[in-house]
Amino acid sequence: MALIRCDFFSEALGMGTSMTVLLPDRGAAGIGVPGAAADGDPPVLYLLHGLTDDDTVWTRRTSIERYVAPLGLAVVMPQVQRSFYCDEAHGNRYWTFLSEELPEVCRSFFRLSTRREDTFVAGLSMGGYGAMKWALRHPERFAAAASLSGALDVTRRRHHATRPVDPAVWRTVWGDGPVPADDDTVGLLERSGDDRPALYVACGTEDFLYEDSMRFLDVARKRDVPVTVDFGPGDHDWAYWDARISDVLAWLPLRTR
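Residue positions within a chain follow its written sequence, with the count starting from 1. With the structure being a predicted model, the display of local features is reserved for residues of pLDDT at least 70 and the display and counting of side-chain atom pairs for 80 or more, all residues being used for whole-chain, interface and lining totals. To obtain the side-chain values, all non-hydrogen atoms of the structure were used and water was disregarded.

Where an unreviewed UniProt entry is consulted, the protein chain appears under the name Esterase family protein, with the organism given as Micromonospora aurantiaca.

Caption draft 1: Quick peek at the overall build of the protein chain. Numbered from the N terminus, helices here are DSSP runs of H or I no shorter than four residues, and strands are runs of E no shorter than two. What the protein chain contains, in helices and strands, is 9 helices and 8 strands. Projected onto its principal axes, the C-alpha coordinates of the protein chain cover approximately 55 × 40 × 35 Å. For the protein chain, buried positions account for 56% of its 257 residues. The long-range share in the protein chain, meaning contacts at least 24 apart out of those at least 6 apart in sequence, stands at 72%. Note on classification: 1.4 Å probe, protein chains only; a residue is buried when its accessible area is under 20% of the maximum for its type, exposed when over 50%, partly exposed between these limits. Contact definition: two residues touch when any of their heavy atoms are within 4.5 Å.

Caption draft 2: Spotlight on the packing of helix H3 (residues 94-109) against helix H4 (residues 126-137). Here an angle of 0 to 180 degrees is reported between the N-to-C directions of two axes, which are lines fitted to C-alpha atoms, with helices fitted over the stretch in contact. Following both chains from N to C, one finds H3 and H4 inclined at 65°, their axes separated by 11 Å at the closest point. Considering how the two elements wind past one another, H3 and H4 form a crossing that is right-handed. Residue-level contacts link Trp95, Leu98, Ser99 and Pro103 of H3 to Lys133, Trp134 and Arg137 of H4. Residues are sorted three ways: Asp, Glu, Lys and Arg are charged, Ala, Val, Leu, Ile, Met, Phe, Trp, Tyr, Cys and Pro are nonpolar, and all the rest, Gly among them, are polar. Taken together, the residues of the contact of H3 with H4 sort by class into 4 nonpolar, 1 polar and 2 charged. Definitions for this section: a left-handed crossing has its near helix turned counterclockwise from the far helix by less than a right angle. A right-handed crossing has that turn clockwise.

Caption draft 3: Spotlight on the side chain of Asp53. One can find Asp53 in the loop between strand S3 (44-48) and helix H1 (57-61). What makes Asp53 buried here is its relative accessible area of 15%. Those residues within four positions of Asp53 in sequence are excluded, and the remaining contacts are Arg61, Leu124 and Trp238.

Caption draft 4: View of the pairing of strand S2 (residues 15-23). Counting buried residues along S2, 7 of its 9 residues qualify, which places the element largely inside the surrounding structure. Pairing between strand S1 (residues 2-10) and S2: 9 bridges, direction antiparallel. Each residue of the ladder has a partner; that of Arg5, found in S2, is Thr20. Should DSSP find at least two bridges between two strands, the strands are taken to pair. Where S1 hands over to S2, the hairpin turn is made up of 4 residues, of which Gly14 adopts a positive phi near 70°. When S2 meets strand S4 (residues 74-78), the two strands line up antiparallel, connected through 4 bridges. From the neighbouring strand, Leu22 faces S4, where its bridge partner is Val75.

Caption draft 5: Here's a closer look at unusual backbone geometry. Phi is positive for Gln81, close to 55°, though the residue is something other than glycine. Under the relative-accessibility criterion, Gln81 is labelled partly exposed at 39%. Its identity as a non-glycine residue notwithstanding, Ser125 has a phi of 55°, on the positive side.

Right, dumping it as structure tokens:
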């Protein structure tokens, strides 16, 4: 794999930002890490970080590079600060950056497939929320979306009895009002149509966000929305996410397999 830390100017944000990118390599000479790349532009996974992290965290705390090396899959990991992947009420336009600018910037810098069947999104915690929101708001773009320990019910997190969203973060992202309809993943799922991508939800049963995943799945079952579910022992930590991202990669409907 080629590992690239890319610093660039964002028009949507009005400032410089960063992303970390993995690109597939045909080379098979590396000891213990075979390479693979399909003919043509490679499929791409947008992999989103959590609230306290940045674009480098997946490569520092998991073996994501080793996991994707034999798959011929590119991975784009953007940086969005503590924005919940939103156009912030008192901050910056991170939703516009993610959903509109980032894919175009990536395609201008790198060879990546533009086909829906080759495009995937996943993330952890805040990033699991961002992945589901992006997939449900733009189902025409993605073949599959995965949430790992996702904050999938942010509306109820505002006044949660034990683990509410930090009020300072809430005010920055959503101001003093409720979560807008287009930022509510539960509501988006309720309104989604048959064109939605394949969905995957994983969460550890000891995770403080487990109830968010359960709420999301309750709505999915009521709507007869198919979701691949992966629940089991685990907490809100990197040991769990490192194992689950490997499972997500095995689940993705990659045409190159």
